[in-house]
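Coordinate inspection notes
Chain residues, written in single-letter form:
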Amino acid sequence: MASSNLYSILAILAIFAPSILATDYVVGDDRGWTINFDYQAWAQRKLFYVGDSLVFNYPKGAHTVLKVNGTGFQQCAAPLDSVPLTSGKDVINLATPGRKWYICGVGQHCELGNQKLVITVLPSSSSSAPSSSPSSWPSAMAGPGPSTSAATTVGTRFALIMLLTIGFLWMLMA
Ligand SMILES: *[C@@H]1O[C@H](CO)[C@@H](O)[C@H](O)[C@H]1NC(C)=O
Ligand SMILES: [Cu+2]
């Protein structure tokens, strides 16, 4: 009886641990998805991991979100058959690592309003935090000023992973 409870708790933790560790990034923070905002600067010190999400907030109808490739990003052009996101609260799950490019498809917002975002998604950190992203750790910890949010994100993840590990061990002992 006691051990079946233990396994239930472990199973629940295993299911929810990734969602606890995943981060939702609101693109542009309070400004949302709009023209004349420096999304390059917004993304610069953030560490995006597989499993995290981007949330694009904007008044429905005012903008759209189009996923493009590197060429489309530079030229502010999307393939003719690509379907834009238009809900005004578009959530994109970052399912694979690598470069990801997003532009607004309304009018000249991308060309003239610089409404474009490029990020690099790192392999997931939740399964084996310290070893899976060796290069990103030192830069996140050592960077100057604005790095605090990125460092905090990594620090928070690490703390949560440690807590979960200690919790597992404690339950195994009990
Ligand atoms: C990138 O997108 C453009 C159009 O947006 C398309 O013409 C081009 O073939 C794409 N390149 C790759 C490598 O898929
Ligand atoms: Cu727009």
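Here, every reference points to the structure presented above.
Below is a summary of the structure that appears in this document. (Residues numbered from 1 in each chain as written. Chains lettered and ligands numbered in written order. Predicted model: local features only at pLDDT ≥ 70, side-chain atom pairs only at ≥ 80, totals over all residues. Heavy atoms only, no water.)

1. A look at the overall build of the protein
The cut-off we apply is this: Helix and strand labels come from DSSP, where a helix needs a run of H or I of at least four residues and a strand needs a run of E of at least two; each type is numbered from the N terminus. Throughout this description, buried means an accessible area under 20% of the type-specific maximum (1.4 Å probe, protein chains only), exposed means over 50%, and partly exposed covers the range between. Every residue pair with non-hydrogen atoms within 4.5 Å of one another is taken to be in contact. The Shrake-Rupley method, run with a 1.4 Å probe sphere, supplies the accessible areas, and residue values consider only the shown protein chains as cover.
Looking only at helices and strands, the protein has 6 helices and 7 strands in total. Beginning at the N terminus, the succession of helices and strands in the protein can be written as α-β-α-β-β-β-α-β-β-β-α-α-α. The burial tally for the protein puts 37% of its 174 residues in the buried class. Partitioning the intrachain contacts of the protein with sequence separation of at least 6 by distance along the chain shows that 73% fall at a separation of at least 24. Split by element, the accessible area of the protein, about 9,900 Å² in all, is 65% carbon and sulfur.

2. With respect to the pairing of strand E6 (residues 98-103)
Remember that side chains alternate between the two faces of the sheet whenever the strand is regular. Rules: Whether two strands pair depends on DSSP finding at least two bridges between them.
In this structure, strand E4 (residues 66-68) lies alongside E6, joined through 3 bridges in antiparallel fashion. Residue pairing in the sheet places Lys67 in a bridge with Tyr102 of E6. Judged from the 6 bridges that link them, E6 and strand E7 (residues 116-122) form a sheet pairing that is antiparallel. Bridged to Tyr102 within E7 is Leu117.

3. Quick word on unusual backbone geometry
Phi at Asn36 takes a positive value of approximately 55 degrees, unusual for a residue other than glycine. The residue Asn36 is located in the loop between strand E1 (24-26) and helix H2 (39-44) in this model.

4. So, the site of ligand 1
We apply this condition: Nearness here has a simple test: a residue counts as near a molecule or strand if at least one of its heavy atoms is within 4 Å of that partner. In protein, a polar contact means a hydrogen-donor-capable atom and an acceptor-capable atom, both N or O and within 3.5 Å, with residues adjacent in sequence counting only if both atoms are side-chain atoms; elsewhere, any N or O pair within 3.5 Å suffices. Each residue gets one of three labels, nonpolar for Ala, Val, Leu, Ile, Met, Phe, Trp, Tyr, Cys and Pro, charged for Asp, Glu, Lys and Arg, and polar for the others, Gly among them.
Asn69, Ala77, Ala78 and Pro79 make up every residue found near ligand 1. Residue Asn69 places a side-chain N or O atom 2.5 Å away from an oxygen atom belonging to ligand 1. One of the backbone N or O atoms of Ala77 is found 3.3 Å from an oxygen atom in ligand 1. Considered class by class, the residues forming the shell around ligand 1 number 3 nonpolar, 1 polar and no charged.

5. Looking at the state of the cysteines
Put simply, the rule is: The criterion for a disulfide is a pair of cysteine sulfur atoms lying within 2.5 Å.
Summed over the entire model, instances satisfying the criterion amount to 1 disulfide. Disulfide pairing is shown between Cys76 and Cys110; the S-S distance is 2.0 Å. Taking the sign of the torsion about the S-S bond as the criterion, the disulfide between Cys76 and Cys110, at about -75 degrees, is left-handed. Taken as a pair, Cys76 in the loop between helix H3 (70-75) and strand E5 (89-93) and Cys110 in the loop between E6 and E7 lie far apart in primary sequence, 34 residues in all. Overall, the relative accessible area of 15% leaves Cys76 in the buried class.

6. Section: the environment of Pro97
Relative to the assigned elements, Pro97 resides in the loop between E5 and E6. By relative accessible area, Pro97 is classed as partly exposed at 47%. In sequence terms Pro97 and Thr120 are 23 residues apart; their C-alpha atoms lie 7.3 Å from each other. With near-sequence residues (within four places) excluded, Pro97 lies in contact with Val50, Val121, Leu122 and Pro123.

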